[in-house]
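# Observations on chain architecture
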Amino acid sequence: MEFPIGRGPVGKHGAVLARGEVPRGVLRQLWAENLRLRGSSWGRGVSDSMQPLIAEGDGVLVERAQGEGIGLGDIVVFSRSGQVIIHRVLGRRRVGGREYFLEKGDHNFWAGVVPASDVVGRVRAIEISGKMVPLTSRPARLLQYLLALYSYLTWRWWAIGER
C-alpha cells in the first residue's frame, strides 16, 4: 500500500502532467518533511495490500517512529524504490550490527525485509468511512497481534507451496 500522490497522466520521471499538479516525488518529500517536523501526518492508502484493516482510500495517521518501540503487529511506513509503503511488522532481526524488520501486507502472500533505518513512521489511527479508529487501545493491539499471526501463517503457507 502506498500513499496517493495525484491523479492524471504520469511522465517518465513520475511527474503528474495534467492540471499543473505537483510531481509525486516532491509530494513525498513534503509529506516526509511534514512528518519529521510535526511528528505526525495523514495519508491515504491507494492499494488493497493491507486489507481487511486498511482499504484503498482509507486515511492513515502516521506517527514519526524508527526502530526503537516498533514491535510485532505494528503497521509501519517505509520507503522502497521511491515509494512510500505501509505494511505490518512480522518480526525483527539484527544482522551484522544492523536491524531489519520482516514486513508484509496483510493481503499479500509474500513478505520482505526492510532495514529499520528505512522506517519513517508507524500507523496510529485509521479513518474509515469518516470515523477515526485508533490503533493504540488494548483491543486494537490484540487485533494487531492476531492479524500479524494470520499474516505470518499465510506467508509461511505460501512459501511452502512455492517449493
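Everything in this summary refers to the structure shown in the same document.

### Topic: helix 1 (residues 24-38)
Compared with the 21 Å implied by 1.5 Å per residue over 15 residues, the 21 Å span of helix 1 between its first and last C-alpha is a close match. For helix 1, the set of buried residues is R28, W31 and L35. Across the axial projection of helix 1, the buried residues extend over an arc of 65 degrees, all falling on one side. For helix 1, the exposed residues lying more than 90 degrees away from the buried face are Q29, L30 and L37. Phi turns positive, to about 90 degrees, at G39, one or two residues after helix 1.

### Observations concerning the pairing of strand 4 (residues 83-95)
In terms of strand pairing, strand 3 (residues 75-80) meets strand 4 through six bridges, oriented antiparallel. Bridging across to strand 4, V76 finds its partner in H87. Across seven bridges, strand 4 lies against strand 5 (residues 98-104) in antiparallel orientation. Residue pairing for strand 5: R88 is matched across the bridge by K104. Linkage of strand 4 to strand 5, two consecutive antiparallel strands, is achieved through a turn of two residues, within which G96 is found at a positive phi near 60 degrees.

### Digging into the pattern of salt bridges
Under the counting rule described, the total for this entry stands at nine salt bridges. Salt-bridge contacts for E127 lead to R44; the nearest nitrogen and oxygen are separated by 3.4 Å. With a gap of 83 residues between them, E127 in strand 7 (residues 119-128) and R44 in strand 1 (residues 40-44) connect regions that are remote in the sequence. We classify E127 as partly exposed; its relative accessible area is 27%. Across the pair E63 and R122 runs a salt bridge whose closest N-O atoms are separated by 3.5 Å.

### Observations concerning the nonpolar core
With 15 residues, the main nonpolar core has L53, I54, V62, I75, V77, I86 and V123 as its most contacted residues. Those elements that provide at least two residues to this core are helix 1, strand 2 (59-64), strand 3, strand 4 and strand 7.

### Overview of a nonpolar patch on the surface
A surface patch of nonpolar side chains, amounting to about 230 Å² of accessible area, comprises V22, V26 and L30. Mapped onto the elements of the fold, V22 is located in the segment before helix 1.

### A few points about the packing of aromatic side chains
Throughout the structure, instances matching the rule amount to two aromatic pairs. A ring pair is formed by F109 and W157, whose centres lie 6.4 Å apart and whose planes are at 50 degrees; its orientation type is tilted. Of this pair, F109 sits in the loop between strand 5 and strand 6 (112-115) while W157 sits in helix 2 (residues 138-161), and the two are 48 residues apart along the sequence. Here the guanidinium or amino end of R141 rests over the ring plane of Y145, the centre of that ring lying 5.1 Å away. In this arrangement the basic side chain of R156 is found over the ring face of W155, its NZ or CZ atom lying 4.9 Å from the centre.

### Some points on helix 2
Here helix 2 is 24 residues long and its end C-alpha atoms lie 35 Å apart, about the 34 Å a rise of 1.5 Å per residue gives. Turning to helix 2, its buried residues are A140, R141, Q144, L147, A148, S151, T154, W155 and A159. Buried positions along helix 2 lie against strand 3, strand 4, strand 5 and strand 8 (131-134).

So, how was this worked out
- Every chain's residues receive numbers from 1 upward, in the order its sequence appears when written.
- Restriction of local features to residues with pLDDT of at least 70 applies here, the model being predicted, together with a cutoff of 80 or more for giving and counting side-chain atom pairs; totals for whole chains, interfaces and linings are based on all residues.
- Water and hydrogen atoms play no part in the side-chain values, which are based on all heavy atoms of the structure.
- Runs of E in the DSSP output that reach at least two residues are strands. Runs of H or I that reach at least four are helices, and both are numbered from the N terminus.
- Residue count minus one, scaled by 1.5 Å, sets the expected span of a helix.
- Partly exposed residues are those whose accessible area sits between 20% and 50% of the maximum for their type, while under 20% is buried and over 50% is exposed, using a 1.4 Å probe and protein chains only.
- Relevant arc is that of directions from the helix axis to the C-beta atoms, nothing else.
- Strand pairing is assigned whenever DSSP detects at least two bridges linking the two strands.
- When a carboxyl oxygen of Asp or Glu lies within 4 Å of a side-chain nitrogen of Lys or Arg, that pair is called a salt bridge.
- Buried Ala, Val, Leu, Ile, Met, Phe, Trp, Tyr and Cys residues form a nonpolar core when they are joined through side-chain atoms within 4.5 Å.
- Excluding any residue in a salt bridge, patches collect residues exceeding 30% relative accessible area, merging like charges within 9 Å and nonpolar Val, Leu, Ile, Met, Phe, Trp and Tyr side chains within 5 Å.
- For accessible areas, the Shrake-Rupley method is used with a probe of radius 1.4 Å. Any residue's cover is judged against the shown protein chains and nothing else.
- Under the pairing criterion, centres of Phe, Tyr and Trp rings, with the six-membered ring standing for Trp, must be within 6.5 Å; the plane angle then separates stacked pairs below 30 degrees from edge-to-face pairs above 60, leaving the rest tilted.
- Sitting over a ring, as applied to charges here, requires NZ of Lys or CZ of Arg to be within 6 Å of the ring centre and within 35 degrees of the ring normal.
- Contacts are assigned to residue pairs that have any heavy atoms within 4.5 Å of one another.

Purely geometric numbers; function is a separate question.
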